[in-house]
Amino acid sequence: MKNHEDSWKNRKVFESQLALNEEELSNYPFHWHCFFEAVGSLKKEPDSLLDLGCGSAVFSVLCKRHLPNTKYRGLDYAQEAIDVASARWEADLQVRDYRELTESDLSFDTLHAGAMLDVLPNADEALKVIAEYGFKNLILGRMKLVEGESKTETYEAYDLITTYAFYHNMENVHSILTRNGYDYKVLGFPDNATIIASKEGLRLD
Ligand SMILES: C[S@@+](CC[C@H](N)C(=O)[O-])C[C@H]1O[C@@H](n2cnc3c(N)ncnc32)[C@H](O)[C@@H]1O
C-alpha cells in the first residue's frame, strides 16, 4: 500500500484549512466546543498549551480569545503549515514532528493534539509516545474510538491529498492512559471524540 504519511506537507492543504477555519471562527464546529468543555473539566486552567499538529494554527486564535492567560505554542511536521499559519497569525509556531519534542516543548503543562492522531497510520503507537512524555494534561481532539480492533482507513482530505483515518480500540486507549497515570473522560461521540486526560484528576460533573 502507498505510504501517505507525508501527504500533509502540501501548502494548498493549509491554505484550504485556513479558509475553512476563518469561516468557523464565526460559527464554532462541534469539536471546538468539546475542546472548551475539556478545558473546563480540568482542575486548573492550563498555564501553557502545546498544540501538536497545529496545522493552520486556529487554536492560537481560540486560545487568545478564550484562554488569554495560557501561553500557546503550535508545532507541525509540515513547514507548509507553519508558513501559512505564520503569515496569518502572530504566534509561537515551529516545525516539529510529534516524535521530536524538545526540552522547551516538554515544559508546557498541557498537550493538545487536535485531529492529529486520526491522520496517522500508527496512531496507537503515537498515543503511547504522547502519553509517555509526561504532560500534566492531554486534550486529544477528534479521535475515532471503536470497541473492536484498531484499524486504519484512507480518505481524501480537502480534495487534495490522501490521508489516514485511524480508529483506536477503546480498551487500548484506556490502558495507555491509565498506565501513564491519567484520569480521563471521553466527550462527544465515538467517531468524533475528545479525550481529556489529567494526572491531577478531573472536576466531577
Ligand atoms: C487534520 S490536520 C489538524 C490540524 C489542526 N490541529 C486542526 O485541528 O485544525 C492534522 C495535522 O497533523 C499534522 N501532522 C501529521 N503528521 C504529523 C507528525 N508526524 N508530527 C506533527 N504533526 C503532524 C499535519 O501536518 C496536519 O497539520
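Residues numbered from 1 in each chain as written. Predicted model: local features only at pLDDT ≥ 70, side-chain atom pairs only at ≥ 80, totals over all residues.

## Focus on the overall build of the protein
Consideration 1: If you tally the helices and strands in the protein, you get seven helices and nine strands.
Consideration 2: The C-alpha radius of gyration of the protein comes to 16 Å, within 12% of the 17 Å expected for a compact globule of 205 residues.
Consideration 3: Seen through its principal axes, the protein has C-alpha atoms that stretch 45 × 40 × 35 Å.
Consideration 4: Each of the 205 residues in the protein was classed as buried or not, and the buried ones make up 40%. (Helix = DSSP H or I, 4+ residues; strand = E, 2+ residues; numbered from the N terminus. Rg over C-alpha atoms; globule rule 2.2 N^0.38 Å. Buried ≥ 20, exposed ≤ 12 C-beta atoms within 10 Å, placed from the backbone.)

## Thoughts on the site of the ligand
Consideration 1: Among the 16 residues in the neighbourhood of the ligand, the closest are listed as Trp8, Gly53, Gly55, Tyr77 and Gly114.
Consideration 2: Partitioned by chemical class, the residues of the shell around the ligand number 11 nonpolar, three polar and two charged. (Near = placed C-beta within 6 Å. Nonpolar A, V, L, I, M, F, W, Y, C, P; charged D, E, K, R; others polar.)

## Points about helix α2 (residues 30–41)
Consideration 1: For α2, built from 12 residues, the straight-helix expectation of 16 Å at 1.5 Å per residue is met to within 8% by its first-to-last C-alpha distance of 17 Å.
Consideration 2: Within the span of α2, buried status applies to Trp32, Cys34, Phe35, Ala38, Val39 and Ser41. The arc that holds the buried residues of α2, viewed along the axis, is 170°, so those residues lie on one side. Exposed side of α2, more than 90 degrees from the buried face: Phe30 and Gly40 are the residues found there.
Consideration 3: Taken together, the buried residues of α2 touch α3 (58–66), β5 (137–146), β8 (183–189) and β9 (192–198). (Expected span 1.5 Å × (residues − 1). Arc of directions from axis to C-beta. Contact = placed C-beta atoms within 7 Å.)

## A look at the packing of helix α1 (residues 11–24) against helix α4 (residues 79–88)
Consideration 1: In the contact formed by α1 and α4, the axes pass within 8 Å of each other and the chain directions differ by 40°. Relative to α4, α1 is oriented oblique. Note that α1 runs across α4; the crossing there is right-handed. On α4, the residues touching Arg11, Phe14, Glu15 and Leu18 of α1 are Glu80, Ala81, Val84 and Arg88.
Consideration 2: Taken together, the residues that form the contact of α1 with α4 break down as four nonpolar, no polar and four charged. (Axes fitted to C-alpha atoms, helices over the stretch in contact; angles between N-to-C directions. Parallel < 35°, antiparallel > 145°, perpendicular 65-115°, else oblique. Left-handed = near helix turned anticlockwise from the far one by under 90°.)

## Overview of the pairing of strand β7 (residues 161–169)
Consideration 1: Here β5 pairs with β7 via three bridges, running parallel. Along β7, the bridge assignment pairs Lys144 with Tyr167.
Consideration 2: Of the strand pairs in this sheet, strand β6 (residues 151–157) and β7 are connected by seven bridges, and their pairing is antiparallel. Residue pairing for β7: Glu156 is matched across the bridge by Thr162.
Consideration 3: Counting the residues that bridge the hairpin from β6 to β7 gives three residues, and of these Tyr158 lies at a positive phi of roughly 55°. (Pairing = 2+ DSSP bridges.)

## Side note on unusual backbone geometry
Consideration 1: Look at Ala115: it is not a glycine, yet its phi comes out positive at around 55°.
Consideration 2: Within the secondary structure, Ala115 sits in the loop between β4 (110–114) and α6 (123–132).
Consideration 3: Judged by local crowding, Ala115 falls into the partly exposed class, with 15 C-beta atoms found within 10 Å.
Consideration 4: The backbone phi angle of Arg142 is positive, close to 50°, even though this residue is not glycine.
Consideration 5: Checked against the element boundaries, Arg142 lands in strand β5.
Consideration 6: Note on Arg142: 21 C-beta atoms within 10 Å, which makes it buried.

## As for the environment of Asp97
Consideration 1: On the secondary structure map, Asp97 appears in the loop between β3 (92–95) and α5 (103–106).
Consideration 2: C-beta crowding within 10 Å serves as the criterion here: with 12 such atoms nearby, Asp97 is assigned to the exposed category.

## Considering the pairing of β5
Consideration 1: Judged by how many residues are buried, β5 sits mostly within the fold: eight of 10 residues are covered.
Consideration 2: Bridge count for β4 against β5 is five bridges, and the pairing is parallel. Following the sheet pairing, Leu111 is matched in β5 by Leu138.
Consideration 3: In this region the chain leaves β4, passes through α6 and returns to the parallel neighbour β5; the handedness of that crossover is right-handed.
Consideration 4: Relative to β9, β5 runs antiparallel, the two being bridged by five bridges. (Right-handed = clockwise from strand over helix to strand, strands pointing away.)

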